[in-house]
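The lines below spell out each chain.
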Amino acid sequence: MKNQYRFDEKHQFLEKLENLIKDGVSSKKIITYTPYPVHEVEHILKVKASPLRFFTLIGALAGLLFGFLFTIWASLDWPIIRGGKPIVALPAFIIIAFELTVLFGGVISFIGYLLLSRLPDFSKIQNPEEYGNQFVIQIQDGETR
Amino acid sequence: MNLSYRNLAIVSIVVIVIIGLIETVVKIGGDGNLLLLLSFWSALIQGPVAVAAAAEVSRGKWAQPMKRELLAFYPLILFVALLFLFISFQMDIYKWTEIQHRWLNKSFFISRNFVLLLLSFFVAHLFARASLQQKKSSQLVAVLYLFVFVISQSLIAVDWIMSLEYPWMSTMFPAIYFMESFYVGLAILALMAVVTLRQKLGNKVEVKKVMRDAALFMFGFALAWAGLYYGQFLVIWYGNIPWETSFFGIRMEYSPFKEMMTLIIVILFIVPFVGLISRKAKESIAVVSFVSILVLIGLLIERLFYILPVLPLNAFWLVIEFILMSAIFWLFFKNREQVLRIDK
């Protein structure tokens, strides 16, 4: 059984959420639906930071390293002097390293997101109910204490 | 120290006269003192007003609780304009004065820069009044201020600094300049939020949000700054044209300039990027204060980096002038309610 509270205003929604936590409702049993990201919810529910950021960090560092190593290796493997620059010309490689940092960071974050969300099991993320512009608090198991 | 509007004006005039005397009569050597002073403080003074204008244009509520603090510095643009007039006594610091051109000639140089600074002050005044009185025209005047701000800071870059090394030129130099001014404007916003929190003034939750948002913007601007700086370097490095590379050649080969360059990159990019990457850091008063102060120091080192290879500095008088400017800056912040009487 689920208890549900719907609000049209953000401040009413946040007030209710704070009161529920003060009343001792476990934050683990609370699910919220908002029409746009409301960061205050994370503070009130004291949500732990997602491990997704580590995927991003590892991906970005891997991309950076690969960007430099690949360009250096390619230049040394086929050494051609261009524009009088040294064979290993780091200022020019920064662009490729930067792009690969962003690319690897993005792609590995997406893979991490799929793994952490246990996707592609869409039933887990799809809610059959539609709340439009409303702010919704749902308490699982009907706990109202 | 609480001062009335009239007393603030008197103190400002006294400081202008003292700096003027130092620059024209007392000081021995140190040709670059006034230029360093003006190029650094003009960024610090115009930047916060530009941040307020950008928030007004985008209808950003994030800067609303600290709008009065940001606008408190706008009269100092007039202060900078008046101080700039003393440059006319030091025009021999520019080598181009030996053979003058249509654009680079003494009288046009002084007049265009002075007029633009006056215009910048006038538009900032209009913007402050419209914004504080919540007039409908405030957005339009904010756009106008941003426009004048970009031109003014660009001209400071091109005329005051770039022409020191004529014929060296870089089309990205002015963009870096006004972007840096905005960057330090955000650092000042964060510092003012910290001071407000420490003095337990204003709504704590709202001011803390301002601090967090300023830190978030600083994080973004650190990246943007690095991108522009690297963009400028890469084009010159790749082109390898002697009269373009000489600028970086001197600064990357000889001490202390090469150390200064590393320091600038560390302070204006690496420290804000790494330091402000986490959410907790953006909400920490200690971290945000540290990074903000460091960004201001970074800007000073960067201005030194441009001027020091060309002009000698007199450290003693420079310190005196910086103390005077800091005092005026602090007085305007402290007496902002007097400064912003225009909304009544």
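These numbers were taken from a predicted model, which means no experiment stands behind them.

Enquirer: Is there a simple way to explain a nonpolar patch on the surface in this structure?
Expert: A surface patch of nonpolar side chains, amounting to about 490 Å² of accessible area, comprises A:Phe54, A:Leu57, A:Ile58, A:Leu61 and A:Leu64. Its location among the elements puts A:Leu64 in helix H3 (residues 52-77).

Enquirer: What's the story with the pattern of salt bridges in this structure? I'm lost.
Expert: Proximity of charged atoms lets side chains of opposite charge pair with each other. Taken as a whole, this structure holds 12 salt bridges over all chains when the rule is applied. Two residues, A:Glu42 and B:Arg279, come together in a salt bridge whose shortest N-O distance is 2.7 Å. Within this pair, whereas A:Glu42 is found in helix H2 (residues 39-45), its partner B:Arg279 is found in helix H11 (residues 279-283), the two belonging to separate chains. A:Glu42 gets classed as partly exposed once you look at its relative accessible area, which sits at 30%. Overlapping salt bridges bring together A:Lys10, A:Glu40 and B:Lys209 as one network.

Enquirer: Even after reading the chapter, I still don't get the environment of A:Ile96, so can you show me in this structure?
Expert: All names here are of chain A. Mapped onto the fold, Ile-96 is located in helix H4 (residues 90-116). Residue Ile-96 is classed as partly exposed on the basis of its relative accessible area of 38%. When the C-alpha atoms of Ile-96 and Gly-67 are compared, they prove to be 5.8 Å apart, with 29 residues separating the residues in sequence. Dropping the residues within four chain positions of it, Ile-96 is found in contact with Gly-67 and Thr-71.

Enquirer: Sorry, what's going on with the domain arrangement of chain A here?
Expert: Where interface size is given, it is often the accessible area lost as the parts come together that is meant. On domain assignment, one finds that chain A holds domain 1 (3-49 + 129-139) and domain 2 (52-116). Taking only C-alpha atoms, the centre of domain 1 of chain A and the centre of domain 2 of chain A are 41 Å apart.

Enquirer: How do you make sense of the sheet that holds strand S1 (residues 3-7) of chain A when you look at a structure like this?
Expert: The strands making up a sheet associate through backbone hydrogen bonding, with each pair oriented either parallel or antiparallel. All names here are of chain A. Read from one edge of the open sheet, 3 strands run S1-S3-S2, paired in antiparallel fashion. Both edges of this open sheet fall to S1 and strand S2 (30-33), since each of them pairs with a single strand only. On average, each strand axis in the sheet is tilted by 15° relative to the strand beside it, whichever way the strands run. Contacts from helix H1 (residues 10-22) reach S1, S2 and strand S3 (135-139), with the element oriented near 20° to S3.

Enquirer: How should I be thinking about unusual backbone geometry in this particular structure?
Expert: For residues besides glycine, phi is generally negative; the peptide bonds are generally trans as well. All names here are of chain B. Note that the residue after Tyr-166, namely Pro-167, is joined by a cis bond; omega there is 15°. Counting through the fold element by element, Pro-167 comes out in the loop between helix H6 (138-161) and helix H7 (173-198). Across the junction of Ser-255 and Pro-256, the peptide omega takes the value 0°, indicating a cis bond. Along the chain, the position of Pro-256 falls in the loop between helix H9 (242-253) and helix H10 (257-275).

Enquirer: Explain the interface of chain B and chain A to me, please; I cannot follow it from the model alone.
Expert: Between chain B and chain A, the contact holds 9 residues from the first and 9 residues from the second. Both sides together, the interface formed by chain B and chain A hides about 880 Å², and carbon and sulfur atoms give 61% of it. Summed over the three residues of chain B that lose the most area to chain A, namely B:Tyr230, B:Trp237 and B:Arg279, the buried surface amounts to 57% of that side. Applying the counting criterion to the chain B and chain A interface returns 2 salt bridges. Between B:Lys209 and A:Glu40 there is a salt bridge, with the nearest N and O atoms lying 3.8 Å from each other. Counting across the interface, chain B meets chain A through 4 residue pairs in polar contact (both at pLDDT 80 or more). Of all elements in the fold, only helix H8 (204-239) and H11 of chain B reach the threshold of two or more residues within the side of chain B that touches chain A. Ranked by residue count, the leading element in the side of chain B that touches chain A is H8(B), at 6 residues. Taken together, the residues of the side of chain B that touches chain A break down into 5 nonpolar, 1 polar and 3 charged.

Enquirer: How should I be thinking about the nonpolar core in this particular structure?
Expert: Soluble, globular proteins show a tendency: their nonpolar side chains are buried together. Ranked by internal contacts, the top residues of the largest apolar core, which has 130 residues, are B:Leu35, B:Tyr145 and B:Trp160. Setting aside chain neighbours within four positions, we find B:Trp160 in contact with B:Leu35, B:Leu38, B:Ser39, B:Ser42, B:Phe84, B:Tyr94, B:Phe109, B:Asn113, B:Leu117 and B:Leu155. Core analysis: the next-biggest nonpolar cluster, separate from the first, contains 14 residues, A:Phe13, A:Ile44, A:Phe135 and A:Ile139 among them.

Enquirer: Is there a simple way to explain the side chain of B:Ser138 in this structure?
Expert: All names here are of chain B. Note that Ser-138 resides in helix H6. For Ser-138, a relative accessible area of 5% gives the class buried. A distance of 3.1 Å separates the side chain of Ser-138 from the backbone oxygen of Lys-135, its partner in a polar contact. Non-local contacts of Ser-138, meaning those with residues more than four positions away in its chain, are made with Glu-56, Phe-127, Ala-130 and Ser-131.

Cut-offs applied
- Residues numbered from 1 in each chain as written.
- Chains lettered and ligands numbered in written order.
- Predicted model: local features only at pLDDT ≥ 70, side-chain atom pairs only at ≥ 80, totals over all residues.
- Heavy atoms only, no water.
- Patch = residues over 30% accessible without salt bridge, like charges linked within 9 Å, V, L, I, M, F, W, Y side chains within 5 Å.
- Areas by Shrake-Rupley, 256 points an atom, 1.4 Å probe, with all protein chains shown as cover.
- Salt bridge = Lys/Arg side-chain N within 4 Å of Asp/Glu carboxyl O.
- Helix = DSSP H or I, 4+ residues; strand = E, 2+ residues; numbered from the N terminus.
- Buried < 20%, exposed > 50% of the residue type's maximum accessible area, 1.4 Å probe, protein only.
- Contact = heavy atoms within 4.5 Å.
- Domains from an automatic or database assignment.
- Pairing = 2+ DSSP bridges.
- Axes fitted to C-alpha atoms, helices over the stretch in contact; angles between N-to-C directions.
- Buried area = accessible area lost by both parts, 1.4 Å probe.
- Polar contact = N/O pair within 3.5 Å; in protein donor to acceptor, adjacent residues only side chain to side chain.
- Nonpolar A, V, L, I, M, F, W, Y, C, P; charged D, E, K, R; others polar.
- Core = buried A, V, L, I, M, F, W, Y, C linked by side-chain atoms within 4.5 Å.

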